[in-house]
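Secondary and tertiary structure notes
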Amino acid sequence: MIIAILNEKGGVGKTTLATNLARAFQKAGQKVLLVDSDPQGSLRDWLAAAGEGGDYPPMIAMDKPAMIKDIKSVSGQHDVVIVDGCPKSIGMIAATITVADVVLIPVQPSGFDLWAANSVVDLVKQRRELTEGRPKAAFIVSRQITNTRLAVESRQALLELGFPILNAYTSQRIAYAQSSSNGRTVLDTEPDGVAAREIRALAQEVEEFAHAGR
Ligand SMILES: Nc1ncnc2c1ncn2[C@@H]1O[C@H](COP(=O)(O)OP(=O)(O)OP(=O)(O)O)[C@@H](O)[C@H]1O
Ligand SMILES: [Mg+2]
């Protein structure tokens, strides 16, 4: 199962979701591989900050379209492969979509972010015309500021793009930023906190979404 976290826009939470979801799947007993498809190398920086001895999922860098197309050669022995998406490079995003089983599109609840999601949505739809409906795709609301009117309007605008929105989401919480700057996840730093609950709910819903109808 290859899950790619993609959005052309920078800073929407792709890497944060990749690390936290990877950790959640790993803690649930799955064999996880992280793939850094971003030449900025954020995942590599995150793992470097974790230092030696952390019980983290293995990670490889595949940050060129020709490399990511070979992902099946390394994904075989893992239950879940999570690809941290590259912002800004449509070529890299398109190549990642061709190998993904599931595309997760994090969007921040603001008008600018909703427009930015359009490019990934269009690429997934184009790919599906060639593949009888693969990959699956869903939005994840990222960095939600709860109970704002904007959040409600954003959800409606997103649904009009034609993909489901997962019920689980991440809210705007310092725990996410703090844990990742130390090379950790919210499941490590605050396992009983709200952010960890959000991530566990998200991991469970992603798992169900990925396997639905198989
Ligand atoms: N739910 C959240 N609450 C608070 N801060 C968050 C949250 N999610 C991400 N962040 C912070 O926002 C910043 C951008 O997040 P992240 O690096 O995950 O985004 P990205 O989409 O991978 O960015 P890029 O496109 O540059 O790779 C980081 O400083 C991260 O710690
Ligand atoms: Mg990133």
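Computed from a predicted model, the values in this text were never measured in an experiment.

Comments concerning the packing of aromatic side chains
- Per the stated rule, a full pass over the model turns up two aromatic pairs.
- Judged by centre distance (4.9 Å) and plane angle (80°), the ring pair of W46 and Y56 falls under edge-to-face. One end of the pair, W46, is in helix α2 (residues 42–50); the other, Y56, is in the loop between α2 and β3 (59–61), and 10 residues separate them in sequence.
- Here W46 falls in the buried class, since its relative accessible area comes to 6%.
- We note R23 situated over the ring of Y56; from NZ or CZ to the ring centre the distance is 4.6 Å.
- Positioned above the aromatic ring of F209 is the side chain of K136, whose terminal nitrogen or guanidinium carbon lies 5.8 Å from the ring centre.

Some thoughts on the sheet that holds strand β5 (residues 102–107)
- Judged by pairing direction, the sheet is parallel, and its six strands sit side by side in the order β3-β2-β4-β1-β5-β6 without closing on themselves. The strands lining the two open edges of the sheet, one partner per strand, are β3 and β6 (136–141). Averaged over all pairs of adjacent strands, the angle between strand axes in this sheet comes to 20°, irrespective of strand direction.
- Examined bridge by bridge, strand β1 (residues 2–5) and strand β4 (residues 80–84) share four bridges and lie parallel to one another.

Points about the pattern of salt bridges
- Within this structure, the stated rule accounts for six salt bridges.
- With its nearest N and O atoms 2.8 Å apart, the salt bridge here joins R44 to D36.
- Residue class for D36 comes out buried when judged on its relative accessible area of 0%.
- For R134, the salt bridge identified is with D101, shortest N-O distance 3.1 Å. With R134 in the loop between α7 (118–131) and β6 and D101 in the loop between α5 (90–99) and β5, the pair connects residues that are 33 residues apart, well separated along the chain.
- By relative accessible area, R134 is classed as partly exposed at 26%.

Notes on the side chain of D63
- Here D63 shows up in the loop between β3 and α3 (65–68).
- Classification of D63 as buried rests on a relative accessible area of 14%.
- A distance of 3.0 Å separates a polar atom in the side chain of D63 from a polar atom in the side chain of R44.
- When residues no more than four places from it in sequence are discounted, the contact partners of D63 are D36, S37, D38, P39, R44 and M92.

Rules and cut-offs
- Residues numbered from 1 in each chain as written.
- Chains lettered and ligands numbered in written order.
- Predicted model: local features only at pLDDT ≥ 70, side-chain atom pairs only at ≥ 80, totals over all residues.
- Heavy atoms only, no water.
- Phe/Tyr/Trp six-rings, centres within 6.5 Å; stacked < 30°, edge-to-face > 60°.
- Helix = DSSP H or I, 4+ residues; strand = E, 2+ residues; numbered from the N terminus.
- Buried < 20%, exposed > 50% of the residue type's maximum accessible area, 1.4 Å probe, protein only.
- Lys NZ or Arg CZ within 6 Å of the ring centre and 35° of its normal.
- Pairing = 2+ DSSP bridges.
- Axes fitted to C-alpha atoms, helices over the stretch in contact; angles between N-to-C directions.
- Salt bridge = Lys/Arg side-chain N within 4 Å of Asp/Glu carboxyl O.
- Polar contact = N/O pair within 3.5 Å; in protein donor to acceptor, adjacent residues only side chain to side chain.
- Contact = heavy atoms within 4.5 Å.

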